[in-house]
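Chain residues, written in single-letter form:
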Amino acid sequence: MGFEEMPTNNFVESSFWNFDVLFQPQQHPARDSHDTFFLKVPAYTQTLPEDYLQRVQKIHESGGYGSRGYGYDWKREEAEKNLLRTHTTAVSSRMLYALAQKPFTPKRYFSIDRVFRNEAVDRTHLAEFHQIEGLVCDKGLTLGDLIGVLNDFFSRLGMIKLRFKPAYNPYTEPSMEIFSYHEGLKKWVEVGNSGIFRPEMLLPMGLPEDVSVIAWGLSLERPTMILYGIDNIRDLFGHKVDLNLIKKNPICRLGMQ
Ligand code: PHE
């Protein structure tokens, strides 16, 4: 589908790239230590791009580009806190910022890598899992393009029944959750989240006003559970995995064209 892989080899990220640049307010519950693993050593990052940091601060505090912002006192110290990234969207932020520093060229990026969330472990949740992230950055993209690219992507994995449900993310508008039909369970299962990145995220980076970015983040484990008929995530990933399952199942390989 013409996507380039993003460099995701940094599990430790600053709150700035994981949350602030994504227009996620500093009081947002996801930024609480109950949901995020913060680092003790080193607790704070030392390098953030100063000009950009000021534009991010302004968009949170008083807005700009037609937005009213959130109207609170943004704290640099909060943005400097190191954490284990909670989503690979932190890497998408870095890539889009880098893109905005050069004359504009359209891009399609993807990644598949580990993310961390401080949550209770059960049949469908682990504190570490993998995300498949994707974005398309171009002029004139619409929600129809996002639905089209997701349908194309999932149908190549054998999932042809998809449904989209309106959702909320601080960094996308509109936002959609993605559901896929699980033939075994005979029900719709949430497999991902998506949307069009907000101007409050893209314009402070310096991207041209007529550029839109459609983006999504999918769990790697959920669709795998659907495809292989596994109903407990701990049977797929982690220390409880039955090694016979790994040895006996064929590797899923996607053909190259
Ligand atoms: N970051 C979101 C998540 O972790 C996924 C997402 C990515 C949503 C990009 C919208 C756009 O669930």
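All figures in this text were calculated on a predicted structure; none of them were measured in a lab.

Enquirer: Outline a negative patch on the surface, supporting the account with residue identities and numerical values.
Expert: A contiguous patch of negative charge on the surface is contributed by D32, D35, E119 and D122. Turning to its location among the elements, D32 is positioned in the loop between α1 (15-18) and α2 (50-61).

Enquirer: Could you give an account of the layout of surface pockets, with specific residues and numbers?
Expert: Computed from the structure, the second largest pocket encloses a volume of approximately 980 Å³. Considering the residues around the second largest pocket, the lining is formed by 41 residues, among which T86, R117, F129, Q131 and N193 are closest to the centre. Taken together, the elements giving at least two residues each to the lining of the second largest pocket come down to β5 (128-139), β6 (162-169), β7 (172-182), β8 (187-197), β9 (211-219) and α7 (221-228). The element that contributes the greatest number of residues to the lining of the second largest pocket is β8, accounting for 7 residues. Broken down by class, the residue content of the lining of the second largest pocket amounts to 15 nonpolar, 18 polar and 8 charged.

Enquirer: Could you give an account of the side chain of T8, naming the residues involved and the relevant values?
Expert: Relative to the assigned elements, T8 resides in the loop between β1 (4-5) and β2 (12-14). Those residues in contact with T8, other than ones at most four positions away along the chain, are R85, V91, S111 and D113.

Enquirer: So what's going on with the UniProt feature "domain: Aminoacyl-transfer RNA synthetases class-II family profile" (unreviewed entry) in the chain? Which residues, and what values?
Expert: Summarizing the sequence annotation, UniProt attributes the feature "domain: Aminoacyl-transfer RNA synthetases class-II family profile" (unreviewed entry) to residues 1-250 in the numbering used throughout. Taken end to end, residues 1-250 comprises 27% helix and 28% strand; its first and last C-alpha atoms sit 24 Å apart.

Enquirer: How would you summarise the site of the ligand if you had to cite specific residues and measurements?
Expert: Around the ligand there are 14 residues in total, and H87, T89, R117, Q131 and Y171 lie nearest to it. Y171 places a polar side-chain atom, nitrogen or oxygen, 2.9 Å from a nitrogen atom of the ligand. Broken down by secondary-structure element, the contributors of at least two residues to the shell around the ligand are β5, β8 and β9. Class assignment of the residues belonging to the shell around the ligand gives a composition of 3 nonpolar, 9 polar and 2 charged.

Enquirer: So what about the nonpolar core? Which residues, and what values?
Expert: Grouped together as the largest cluster of nonpolar side chains are 30 residues, with contacts concentrated most on F16, Y52, L96, F197, M201, L202 and M205. For this core, the elements supplying multiple residues, two or more each, are α1, α2, α4 (89-100), β5, α6 (199-205) and β9. Sort the elements by how many residues they give to this core and α4 lands first, with 6 residues. Each residue touching M205, except ones within four places of it in the same chain, is listed here: Y52, R55, S93, L96, Y97, A100 and Q101. In this structure, L150, M176, L218 and I226 belong to the second largest nonpolar core, which totals 18 residues.

Enquirer: Break down unusual backbone geometry for me, with residues and values.
Expert: Glycine aside, negative phi is the norm for most residues, and most peptide bonds take the trans geometry. Cis peptide bonds are those with omega within 30 degrees of zero, and the linkage from V41 to P42 qualifies with -10°. Looking at where P42 falls in the secondary structure, it is placed in the loop between α1 and α2. Between E173 and the following residue, P174, the backbone shows a cis peptide bond with an omega angle of -5°. Tracing the backbone through its elements, the reader meets P174 in strand β7.

Enquirer: Could you give me a rundown of helix α5 (residues 143-156), with the residues and numbers involved?
Expert: A rise of 1.5 Å per residue sets the reference length of α5, with its 14 residues, at 20 Å; its end C-alpha atoms lie 20 Å apart and thus fit the reference within 8%. Taken as a whole, α5 has its buried residues at L146, V149, L150 and F154. The arc that holds every buried residue of α5, seen down its axis, measures 125°, which confines them to one face. Next to the buried residues of α5 lie β6, β7, β8 and β9.

Enquirer: How would you explain α2 if you had to name every residue and give the values?
Expert: Taking 1.5 Å of rise per residue, 12 residues should cover 16 Å, and α2 covers 16 Å from first to last C-alpha, within 8% of that figure. Within α2, the full set of buried residues consists of Y52, L53, V56, I59 and H60. Along the long axis of α2, the arc covered by the buried residues comes to 125°, so they all point the same way. Of the residues in α2, the exposed ones pointing more than 90 degrees away from the buried face are D51 and Q54. Residues of α2 that are buried make contact with α1, α3 (76-80), α4 and α6. Downstream of α2 by one or two residues, G63 has phi in the positive range, about 85°.

Enquirer: Tell me about the pattern of salt bridges, and name the residues and values.
Expert: A side chain of one charge can pair with a side chain of the opposite charge if their charged atoms are brought near each other. All told, the structure shown has 13 salt bridges when counted by the stated rule. Its salt-bridge partner being R85, residue D113 comes within 3.5 Å of it at the nearest N-O pair. Separated by 28 residues along the polypeptide, D113 in strand β4 (residues 107-116) and R85 in the loop between β3 (82-84) and α4 bring together distant segments of the chain. When sorted by exposure, D113 lands in the same class as R85, which is buried. Notably, a salt bridge pairs D210 with K139, separated by 3.7 Å at the nearest N-O pair. On the criterion of sequence distance, the pair formed by D210 in the loop between α6 and β9 and K139 in strand β5 is long-range, its members being 71 residues apart.

Procedures and definitions
Residues numbered from 1 in each chain as written. Predicted model: local features only at pLDDT ≥ 70, side-chain atom pairs only at ≥ 80, totals over all residues. Heavy atoms only, no water. Patch = residues over 30% accessible without salt bridge, like charges linked within 9 Å, V, L, I, M, F, W, Y side chains within 5 Å. Areas by Shrake-Rupley, 256 points an atom, 1.4 Å probe, with all protein chains shown as cover. Salt bridge = Lys/Arg side-chain N within 4 Å of Asp/Glu carboxyl O. Lys, Arg positive; Asp, Glu negative; His and termini not counted. Charge placed at Lys NZ, Arg CZ, Asp CG, Glu CD. Helix = DSSP H or I, 4+ residues; strand = E, 2+ residues; numbered from the N terminus. 1 Å grid on protein atoms, 1.4 Å probe; cavity = no way out; pocket = protein on both sides within 12 Å on 5 of 7 lines; lining within 4 Å. Points joined across faces, edges and corners; volume = space filled by probe spheres on them. Nonpolar A, V, L, I, M, F, W, Y, C, P; charged D, E, K, R; others polar. Contact = heavy atoms within 4.5 Å. UniProt positions renumbered as here; feature names shortened; annotations may be inferred. Near = heavy atom within 4 Å. Polar contact = N/O pair within 3.5 Å; in protein donor to acceptor, adjacent residues only side chain to side chain. Core = buried A, V, L, I, M, F, W, Y, C linked by side-chain atoms within 4.5 Å. Buried < 20%, exposed > 50% of the residue type's maximum accessible area, 1.4 Å probe, protein only. Expected span 1.5 Å × (residues − 1). Arc of directions from axis to C-beta.

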